[in-house]
Amino acid sequence: MNDQKKRRTMLIYIIVALIAYVLVSNLLFPQIRNAQITTVEYSTFLSDVEDGKVKEVELNTGTNTIRYTQKDDAESHIYETTLFPNDTQLVPVLREHDVEFSASIPNQSNDLWLYMLLSYGLPLLIFLGGGWLINRRLRKQMGDDNSMNFGGGFGGFGMGGLGKSNAKMVKGEETGVTFKDVAGQDEAKESLVEIVSFLKNPDKYTAIGARCPRGALLVGPPGTGKTLLARAVAGEAGVPFFQISGSEFVEMFVGRGAAKVRDLFKQASEKAPCIVFIDEIDAVGKSRDSSLNSNDEREQTLNQLLSEMDGFDNQKGIVVLAATNRPETLDQALLRPGRFDRRIPVELPDLAGREAILKIHADDVKMEPGIDLSVIAKSTPGASGADLANIINEAALRAVRNGRSRVSQEDLLESVDVVIAGEKKKSTVLSEHEKEVVSYHETGHAIVAAMQKGSAPVTKITIVPRTSGALGFTMQVDEDEHFLTTRQQAKDKIAVLCGGRAAEELIFGEMTTGASNDIERATSLARAMVTQYGMSEKFGMVALGHQRNRYLGGGAELTCSEGTAQEIDAEVQRLVEEGHQTALRTLQENRFKLHEIAHYLQRKETITGEEFMNILTRDDGFAPKMAAMKRD
Ligand code: ADP
Ligand code: MG
Ligand code: ZN
């Protein structure tokens, strides 16, 4: 047989195999192909839900995405939008509209197996089978010449997609995000400006011989805008953006993670200058000896990542950004020069930052005139950007639910409560006695707070049960922001936390379980005072522990002897007891006001800080001595 004929048979064979591949993967299993995913705005998703258009929803907490299908969509398109972390609102809304939903954990290995089997295995089989048949025919034609065996040799062709990364290729301009969309992170932006300018014009840097950072690590608590910032860098520089999440690498076939990394960098180097963004890098980059059950797959992936980062030609302008909220777990090798040697903190926003973030998100919704966002910013210390975005969204949902076309201040205030304490829970009906106990409990907190010099003013007291399990809460808002807490303030805070239980003891001579959260918080604050802040008389300025995880909370790990640990416990106990005694004394001195306010609260269920202060300071012979009070 001549060469030309051989080549023709081969060509036909490849075409047939290709058609088989396309048929199998697109026609038979369209739903597991990623090809037809349309990205939509979160608001579009919500209005689809509200309009009853949505058929099925899948919430993926690993990738923070929501995927859903629509009812009257014959081709079953998949729509995708962002899943906000801690979106407590979403599930009730889905339930309300009878939408079927399922939560999926990042590990999709079951689906993946099926997908791999069907989309690669089947064509492979056809391919190999076809190859075998052709081989046999050829051999017959050629007599017994077995020098040719391309059926098997080309089988690999069907596997071409095996190591493909799912790094989503989004043209830089299409991330559609710029620094203008990120508020309250001015330092982080400043550190990233240089990267932007390098990406815009790599030649300018290489001409001088300057080496631009290859990688920068964005570290900070969840929801502070790390992902958003990375996207903004690509948007600002107008370069392509490749994003992949660390959690996508793990729990795959051995070797696949490494192949994915290799492929990701190969794709990136073709599109340079560009950004490669590895979200949640701690999932692959965990210190290699930190876990007892070593994970070979993760280690291989990490090694591949390291060697890619060392290997790629920096002249081209590939910048690798990564994000994590547990930097302390990262393998040291990742942090060496030439790798992620720049660390960019992305912290929780301060007061001005919170207001700016609220403003950005408020621009997306219709607001009544005269809305004061600074009030909202003030009442949300500790909230992340994602929380704030969520507050605006909650407020918009509430406005829609109440049939209004604009968001009111009231909506915003209510949604602060929802984000802090959860939705109002209508199904929990307290008996009158329980209501009375909760009223005294909350009033106890409030009075102790009002009587402490170092405590923030009370702005609201409520005894409406919340879905978080809280039966009520007392909100305190500082007039301005503090970055330092004095020892006195910490002690005052412990006293305020003890105020609830103290009121119950004083009035009912009985304790309830309602104070468990208060006790936990008081204890952990006292413990931090002793072990981290050096605020106890007993130990003074000695660090007795180090914090386990700066960005995800979690207490300190003790670094002292067992004997000392016992003494620490005693000291913690003493601090909490001191606060408890202060609370008891304060409430005892003001028990007439305690009675009056608690009963007023029980009747009204929610009272403002102003109402509270009016009763507390009304001069009826029982008002606390003004000199003792904070506001003088
Ligand atoms: P992270 O990656 O740090 O967990 P994300 O970037 O995913 O946080 O933030 C989630 C969402 O919260 C963003 O899409 C954005 O809507 C909002 N957000 C967070 N931080 C900011 C910010 N600094 N400015 C504006 N919006 C923010
Ligand atoms: Mg993120
Ligand atoms: Zn309490």
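1. Observations regarding the coordination of the zinc ion (ligand 3)
Consideration 1: Distances from the zinc ion (ligand 3) to its protein donors, His-441 (NE2), His-445 (NE2) and Asp-518 (OD), fall within 2.0 to 2.1 Å.
Consideration 2: All donor residues of the zinc ion (ligand 3) come from one chain, and their arrangement in sequence is H-x3-H-x72-D. One end of the pair, His-445, is in helix H18 (residues 432-451); the other, Asp-518, is in helix H20 (residues 516-531), with 73 residues separating them in the sequence.
Consideration 3: By relative accessible area, which is 10% here, Asp-518 ends up buried.

2. Describing the site of ligand 1
Consideration 1: With respect to spatial proximity, 15 residues lie near ligand 1, and among them Ala-183, Gly-223, Lys-226, Thr-227 and His-361 are the closest.
Consideration 2: Separating a nitrogen atom of ligand 1 from a backbone N or O atom of Ala-183 is a distance of 2.7 Å.
Consideration 3: Take Leu-228: an N or O atom from its main chain is 2.9 Å from an oxygen atom of ligand 1.
Consideration 4: For ligand 1, the protein covers 86% of the area, taking 560 Å² as the surface of the free molecule.
Consideration 5: Of all elements in the fold, only helix H9 (226-237), helix H14 (351-362) and helix H16 (385-401) reach the threshold of two or more residues within the shell around ligand 1.

3. Things to note about the packing of aromatic side chains
Consideration 1: Counted according to the given criterion, the structure contains 7 aromatic pairs.
Consideration 2: Ring centres 5.4 Å apart and planes at 90° place the aromatic pair Phe-198 and Tyr-205 in the edge-to-face group. Here the two residues Phe-198 and Tyr-205 agree in accessibility, since each one is buried.
Consideration 3: Arranged with centres 5.9 Å apart and planes meeting at 25°, the rings of Phe-241 and Phe-277 form a pair that is stacked.

4. A few points about the pairing of strand E10 (residues 318-324)
Looking along a regular strand, one sees side chains alternate from face to face of the sheet.
Consideration 1: Most of E10 is tucked away, with 7 of its 7 residues classed as buried.
Consideration 2: Alternating residues of E10 divide into Ile-318, Val-320, Ala-322 and Thr-324 and Val-319, Leu-321 and Ala-323, and every residue in both groups is buried.
Consideration 3: Pairing geometry for strand E7 (residues 215-219) and E10, over 5 bridges, is parallel. In the strand pairing of E10, Gly-215 is matched with Val-320.

5. Regarding the environment of Val-365
Consideration 1: With respect to the element layout, Val-365 can be found in the loop between H14 and helix H15 (373-378).
Consideration 2: Between the C-alpha atoms of Val-365 and Arg-406, which are 41 residues apart in sequence, the distance is 7.9 Å.
Consideration 3: With near-sequence residues (within four places) excluded, Val-365 lies in contact with Ile-392, Ala-396 and Val-407.

6. A few points about the sheet that holds strand E16 (residues 606-608)
Consideration 1: One open sheet accounts for 3 strands, arranged E13-E12-E16; its pairing is antiparallel. Edge positions in the sheet fall to strand E13 (473-476) and E16, since each of these pairs with one other strand and no more. Shown here is a sheet whose adjacent strand axes are inclined to one another by a mean of 10°, direction ignored.
Consideration 2: Relative to E16, strand E12 (residues 458-462) runs antiparallel, the two sharing 3 bridges. Paired with Ile-461 across the two strands is Ile-607, which belongs to E16.
Consideration 3: Relative to E16, helix H22 (residues 591-604) is tilted by about 120°, and along the sheet it contacts E12 and E16.

7. Observations concerning the nonpolar core
Consideration 1: Counting 45 residues, the largest nonpolar core has Ile-447 and Phe-612 as its most contacted members.
Consideration 2: Contributions of two or more residues to this core are made by H18, E12, helix H19 (487-508), H20, helix H21 (562-589), H22 and helix H23 (609-617).
Consideration 3: In contact with Phe-612, other than residues within four places in its own chain, are Ala-446, Ile-447, Ala-450, Val-458, Ile-461, Ile-597 and Ile-607.
Consideration 4: In this structure, Val-177, Leu-229, Val-233 and Ile-275 belong to the second largest nonpolar core, which totals 28 residues.

8. Let's talk about a negative patch on the surface
Consideration 1: Residues Asp-186, Glu-187, Glu-190 and Asp-350 make up a contiguous surface patch of negative charge.
Consideration 2: With respect to the element layout, Asp-186 can be found in helix H7 (residues 186-200).

9. Considering the side chain of Gln-243
Consideration 1: Tracing the chain through its elements places Gln-243 in strand E8 (residues 241-245).
Consideration 2: In terms of polar contacts, Gln-243 uses its side chain to reach the side chain of Arg-231, at 3.4 Å.

10. A short note on H16
Consideration 1: Helix length check: H16, at 17 residues, gives a terminal C-alpha distance of 24 Å against a target of 24 Å (1.5 Å per residue), a fit within 8%.
Consideration 2: Most of H16 sits out of view: 15 of its 17 residues are buried.
Consideration 3: Of the residues flanking the end of H16, it is Gly-403, one or two places downstream, whose phi is positive at about 70°.

11. Concerning the packing of H18 against H19
Consideration 1: Between H18 and H19, whose axes approach to 7 Å, the crossing angle comes to 135°. Relative to H19, H18 is oriented oblique. Judged by the sense of rotation from one axis to the other, the crossing of H18 with H19 is right-handed. Contacts between H18 and H19 involve His-433, Glu-436, Val-437, Tyr-440, His-441, Gly-444, His-445, Val-448 and Ala-449 from the first element and Ala-495, Val-496, Leu-497, Gly-499, Gly-500, Arg-501, Ala-503, Glu-504, Ile-507 and Phe-508 from the second.

12. Considering the side chain of Asp-48
Consideration 1: Structurally, Asp-48 is set in helix H2 (residues 42-50).
Consideration 2: The class for Asp-48 is buried, based on a relative accessible area of 6%.
Consideration 3: When sequence neighbours within four positions are dropped, the list of residues in contact with Asp-48 reads Lys-53, Val-54, Tyr-68 and Gln-70.

What counts, and where the lines are drawn
Residues numbered from 1 in each chain as written. Chains lettered and ligands numbered in written order. Predicted model: local features only at pLDDT ≥ 70, side-chain atom pairs only at ≥ 80, totals over all residues. Heavy atoms only, no water. Donors = N, O, S within 2.8 Å, 3.2 Å for Na, K, Ca; no water. Helix = DSSP H or I, 4+ residues; strand = E, 2+ residues; numbered from the N terminus. Buried < 20%, exposed > 50% of the residue type's maximum accessible area, 1.4 Å probe, protein only. Near = heavy atom within 4 Å. Polar contact = N/O pair within 3.5 Å; in protein donor to acceptor, adjacent residues only side chain to side chain. Areas by Shrake-Rupley, 256 points an atom, 1.4 Å probe, with all protein chains shown as cover. Phe/Tyr/Trp six-rings, centres within 6.5 Å; stacked < 30°, edge-to-face > 60°. Pairing = 2+ DSSP bridges. Contact = heavy atoms within 4.5 Å. Axes fitted to C-alpha atoms, helices over the stretch in contact; angles between N-to-C directions. Core = buried A, V, L, I, M, F, W, Y, C linked by side-chain atoms within 4.5 Å. Patch = residues over 30% accessible without salt bridge, like charges linked within 9 Å, V, L, I, M, F, W, Y side chains within 5 Å. Salt bridge = Lys/Arg side-chain N within 4 Å of Asp/Glu carboxyl O. Lys, Arg positive; Asp, Glu negative; His and termini not counted. Charge placed at Lys NZ, Arg CZ, Asp CG, Glu CD. Expected span 1.5 Å × (residues − 1). Parallel < 35°, antiparallel > 145°, perpendicular 65-115°, else oblique. Left-handed = near helix turned anticlockwise from the far one by under 90°.

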